[in-house]
Each structure stands twice: as structure tokens, then as C-alpha cells.
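# Coordinate inspection notes
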Amino acid sequence: MSQPTRTITITGAGGQIGYALLFRIASGAVYGPDTPVSLRLLEIPAGIRAAEGAALELLDGAFSLLRSVEVTDDADTAFSRADAALLVGARPRTAGMERADLLEANAAIFGPQGAAIARSASPDVRVVVVGNPANTNALIASGHADGLPLDRFSAMTRLDHNRARGILAAHLDAPVADVDGVTIWGNHSATQYPDITRATVKGRAATELLDDAWIRESFIPRVARRGAEIIEVRGSSSVGSAASAAIDHLHDWVDGTAEGTWTSAAIPSDGSYGVPEGLVSSFPVRSVGGAWRIVEGFEIDAFSRDRIDASVAELMDEREQARALGLI
Ligand code: NAI
């Protein structure tokens, strides 16, 4: 039976990740094969033509689930009654830019977008921030979204989660579907902590199959710096894998995580695991009844504690800078 049409807004839709997202969403990858979708593509004037071109191609795809595509540079039009928003468009770091400059440039994007989402989107909108610095951009967007609960906002660390599973599977020559129980903690940056202390491979503890030195000296830094590795090999940043992870994130948020397992997402902290309340930090999460829930009760060993604290310290520092600049 056909379901009501869902509206998804994609910002930066004329960019690389936007292009990789659109066709999969139009094929039903987020809401499934029975739910028609309407797409709203938000761009800045410089990106409008690229988004319009993508919209023409969407038409040419003759996707049976695709009800409409609208391209706009007006945020309220783009977010009007949106059920989901993938905030991909962001200001990249350019030569000579300090971290404070980057935060400020992105706050000028994510603050107004958060406000427009609160004014115009559906009250139960699901917002996934992909554009970097993703965690703090989500914090800034939620800080401007008057009247919308914090739990409508998240930032994407699913790419890091998927990378961790993929790298573990490749190292052990196992199907990736057999790898479970991975967690990404903290910031979507090189300080993140890809934690495999509870990971299993076909039900066996990963830590029994791997030596500590490989985990600490090879696996953890490789996952944390995978973005740089992709740029070095490919000559351009992650696109297909990033779009795929954004779809995984939103799909699981809508549809729920599989029984008995969890994934990773950056969501506003409720103080769990010593992460200060309100910081948008990556946790082990389950999606239950359409809401993210932090998986509680994990014992954190000393090594993990240090790693989580280091990444959380970076998030606190970004929040402090954003406050000092009056961005939140
Ligand atoms: P891109 O440069 O190809 O596309 C970005 C698009 O955003 C451009 O078309 C630009 O015109 C548009 N844009 C800029 N400001 C905008 C605004 N205010 N409103 C709407 N659109 C706007 O970049 P790409 O490769 O698509 O990456 C997008 C972002 O995703 C970057 O910030 C990148 O660092 C981030 N990223 C995040 C990952 C994660 O795991 N969280 C993984 C990979 C990339």
C-alpha cells in the first residue's frame, strides 16, 4: 500500500555529495519502496545551475517514487513542511583560514538554516548535518531553531562507523555483514575514537582475533584519517561513501536499527558517558520508535576513556569558540 509522500530537503544539492545522494533517495533508499518522495534542493546562487541540472537528470531517471523536485536559494521555501533535511552545503576550509574563521563562516550558514527549519519544516523534522565541522554546525543550527526540540538534530558520524566496519572486515577477510558492535565516539574529526572493544565478527570478539598493537597503531589512526587517505588516493574527498552513510543514518533513524545491534551518530548529549550535556557528540545509538537513544551501560576501559575525553575536549573547545564569537 502506498504511504504518504515524504519531503526531503538537501542543501548543497549542486555539489558532489548532493549529486550522489539525489538518485538513491529518488529510488527509495531512505523511506523504502512504498513511500513517494518530494525533493527540495537548496543552493546558493553560484550552485543553482548545477542543482537545476541534477533536477533535469532526476526527471530523466523516471523514478516512479519521485513526486516533485524543486530547486531554490530560499531556505524557508526549501524547508517548508520538510520531513527530513540533509544539511550538506558548507563552507570549506581554504588556505590561511583559522579554525575560528571556519566556525564563523559556517555559523553564517547553519544558524540561519536552523532558524528557517524551526519556522518552516515539519515539527518532527529529522535533521542530519553532513557539512563540516559537522558536530558544531549541528550545535549551531539547533541553537537557532527556536521551539524545535534538540533531538530533531544530529550530525553524521555514520561514515566513520561504516569505515571502521569495512576496514575491520577487509583486514580479517570477513564479509562486512558479519562485523557488528563498532562505536564511533566524539567528533567527526581526526580526534574521533573508533572503538572496537565490543565489536564481534560472526559472533566472536574482535579483540580475540586482533592484536592490540594493530588496533592502536594501525586501525584507529587509519579510520580517523580515512578522509585524508581518500583524498590522497582519489584526488578528491569522499563522495559516494559519504552519501551512502547519510542515507544509512536517515534510513535507520526513520526505520529503526536492527534488533540487538547499534550504530553511531552524533546527537545532543544528555550527559551520558561523561560527555557534557548539549554537546553534539558521537555515541553508540539505537533508533527506537523513530528516536535516537544512546546505548547505556557500556564499561569504558582506561584507554577508551582517554580517547573519548580527548575528542570531547575538542568539541568543548569548538563550543567555547562558538560562544566567544557570539555564534550560539
Ligand atoms: P561540494 O563543494 O562539492 O558541494 C558543496 C555545495 O554546497 C556547493 O554546491 C555549494 O554551492 C553549496 N553551498 C555552500 N553554501 C551553501 C548554503 N549556504 N546553502 C546551500 N548550499 C550551499 O562539497 P561536497 O563534497 O559535496 O561536501 C559537502 C560537505 O560535506 C563538506 O563540508 C565536507 O567537508 C562534508 N563532508 C562530511 C562528511 C562527514 O562524514 N560528516 C564526509 C564527507 C564530506
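What you see is a predicted model; the values in this text were computed from it and never measured.

Turning our eyes to something else, we now look at the site of the ligand. Around the ligand, the surrounding shell holds 28 residues, and the nearest of these are Gly12, Gly15, Ile17, Gly47 and Gly89. Per element, the largest residue contribution to the shell around the ligand is 3 residues, and it comes from helix H1 (residues 16-26). Here the shell around the ligand is built from residues that sort into 14 nonpolar, 13 polar and 1 charged. Both of domain 1 (6-155) and domain 2 (158-318) provide at least three residues apiece to the shell around the ligand.

Moving on to the UniProt feature "binding site: NAD(+)" (unreviewed entry) in the protein chain. The UniProt record annotates "binding site: NAD(+)" (unreviewed entry) at Gly12, Ala13, Gly14, Gly15, Gln16, Ile17, Gly18, Asn106, Gln113, Val130, Gly131 and Asn132. Considering the arrangement of structural elements, one finds glycine 18 in helix H1. A residue is classified by how many C-beta atoms lie within 10 Å of it, and glycine 18, with 25 of them, is buried. When residues no more than four places from it in sequence are discounted, the contact partners of glycine 18 are Ile10, Gly12, Ala13 and Val88. When you line up the elements, asparagine 132 lands in the loop between strand E5 (126-129) and helix H5 (134-143).

Time to look at the pairing of strand E3 (residues 66-72). For strand E2 (residues 37-42) and E3, the ladder comprises 6 bridges, and the chain directions are parallel. Each bridged residue has a counterpart across the sheet, and for serine 38 the counterpart in E3 is serine 68. In this fold, the crossover linking E2 to E3 by way of helix H2 (residues 48-60) has right-handed handedness.

Here helix H8 (residues 212-224) contains 13 residues, and its C-alpha end-to-end distance of 17 Å stays within 8% of the 18 Å for a straight helix at 1.5 Å per residue. Its maximal kink placed at serine 218, H8 deviates by approximately 25°, while the proline proline 221 follows within four residues.

This brings us to the UniProt feature "domain: Lactate/malate dehydrogenase C-terminal" (unreviewed entry) in the protein chain. The UniProt entry lists residues 157-323 under the feature "domain: Lactate/malate dehydrogenase C-terminal" (unreviewed entry), expressed in the numbering used here. Between the C-alpha atoms that bound residues 157-323 there is a distance of 23 Å. The span itself is 47% helix and 19% strand.

So, about the sheet that holds strand E10 (residues 200-201). With respect to topology, 3 strands assemble into an open sheet ordered E7-E10-E11, the strand pairing being antiparallel. For this open sheet the edge positions go to strand E7 (179-180) and strand E11 (204-205), each flanked by a neighbour on one side alone. Direction of pairing for E10 relative to E11: antiparallel, over a ladder of 2 bridges. By the bridge assignment, threonine 200 is partnered in E11 with alanine 205.

Rules used in this analysis
- Residues numbered from 1 in each chain as written.
- Predicted model: local features only at pLDDT ≥ 70, side-chain atom pairs only at ≥ 80, totals over all residues.
- Near = placed C-beta within 6 Å.
- Helix = DSSP H or I, 4+ residues; strand = E, 2+ residues; numbered from the N terminus.
- Nonpolar A, V, L, I, M, F, W, Y, C, P; charged D, E, K, R; others polar.
- Domains from an automatic or database assignment.
- UniProt positions renumbered as here; feature names shortened; annotations may be inferred.
- Buried ≥ 20, exposed ≤ 12 C-beta atoms within 10 Å, placed from the backbone.
- Contact = placed C-beta atoms within 7 Å.
- Pairing = 2+ DSSP bridges.
- Right-handed = clockwise from strand over helix to strand, strands pointing away.
- Expected span 1.5 Å × (residues − 1).
- Bend = angle between axes of the 7 residues up to and from the residue.

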